[in-house]
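# What the coordinates show
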Amino acid sequence: MCIFCEIIKGNIPCYKVYEDEFCIAFLDISQTSIGHTLVLPKEHYKNIFELPENISEHLGKIVCKLSKHIKEKLNISSINILNNNGEIAGQTVEHFHIHLIPRYSDSDIKIEFNSNNLSKEEFNELCEKIKY
Ligand code: AMP
Ligand code: ZN
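Residues numbered from 1 in each chain as written. Chains lettered and ligands numbered in written order. Predicted model: local features only at pLDDT ≥ 70, side-chain atom pairs only at ≥ 80, totals over all residues. Heavy atoms only, no water.

The next subject is the site of ligand 1. Around ligand 1 sit 16 residues in total, of which Asp28, Ser30, Asn84, Thr92 and His99 are the nearest. Side-chain polar atom of Asp28 to an oxygen atom of ligand 1: 2.5 Å apart, as the coordinates give it. In the model, a nitrogen atom of ligand 1 is placed 3.1 Å from a nitrogen or oxygen of the Ile29 main chain. Compared with its free state, where it exposes 500 Å², ligand 1 has 83% of that area covered by protein. No other element matches helix α1 (residues 3-9), which puts three residues into the shell around ligand 1. The residue makeup of the shell around ligand 1, split by class, is eight nonpolar, seven polar and one charged. (Near = heavy atom within 4 Å. Polar contact = N/O pair within 3.5 Å; in protein donor to acceptor, adjacent residues only side chain to side chain. Areas by Shrake-Rupley, 256 points an atom, 1.4 Å probe, with all protein chains shown as cover. Helix = DSSP H or I, 4+ residues; strand = E, 2+ residues; numbered from the N terminus. Nonpolar A, V, L, I, M, F, W, Y, C, P; charged D, E, K, R; others polar.)

Have a look at this one:
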C-alpha cells in the first residue's frame, strides 16, 4: 500500500493546495516549517530514477509556479526545494515527491552539507566520469 496513492485516490484525506491532470500538491503532515508542501505525480513512480521525462518536466514547472505562489501568499523571501531518493538519502515514502519548505529564519531548519577536500586531479577525474 502506498500512502500517497491512497491520498490521490481520495481514500486518505489531505490538505490539497494544487491539482492538475498529472500532479497534485498537498501540505506535508509534519509542517517542518509553515507552508511545507509536497508536490508529486499522480502516477506511482518510486523515485527520480523511475520518473519519465514528460512528468519530470511538468513537475519542474509546477514546483516553480507553486514556489512563487507560496512566496507571495506566505510573504516569504526564501524556500528550500528538497527531494529524497532512496533510503540512504532519507526517503521514507516511496512515491516520488518534492518538498517545498518555506524559510522564515536561517536557524529554523538545519540543512548541512559536508565538504570533501578533493585534489585538482580528483576533481578532474570525477568531472570526466560524470560529464554528460
Ligand atoms: P520523505 O522522507 O522525503 O520520503 O518525505 C515523506 C514526507 O511525507 C514526510 O515529510 C512526511 O511528513 C510526509 N507524510 C507522510 N504521510 C503523510 C500524509 N498522510 N499526509 C501528508 N504528508 C505525509
Ligand atoms: Zn504511490
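Moving on: a nonpolar patch on the surface. Taken together, the side chains of Leu118, Phe123, Leu126 and Ile130 make up a nonpolar region of the molecular surface, amounting to roughly 380 Å² of accessible area. Along the chain, Leu126 turns up in helix α3 (residues 120-130). (Patch = residues over 30% accessible without salt bridge, like charges linked within 9 Å, V, L, I, M, F, W, Y side chains within 5 Å. Salt bridge = Lys/Arg side-chain N within 4 Å of Asp/Glu carboxyl O.)

The next thing to look at is the state of the cysteines. Taken as a whole, this structure holds zero disulfides when the rule is applied. Here Cys64 stays unpaired: no disulfide links it, and the sulfur of Cys23, its closest cysteine neighbor, is 13 Å away. (Disulfide = S-S within 2.5 Å.)

Moving on, we come to the pairing of strand β1 (residues 16-19). Bridge count for β1 against strand β2 (residues 23-27) is three bridges, and the pairing is antiparallel. Residue Tyr18 lies in a different strand from β2, and its bridge partner there is Ala25. Turn length for the β1-β2 hairpin, with the two strands adjacent in sequence and antiparallel, is three residues. (Pairing = 2+ DSSP bridges.)

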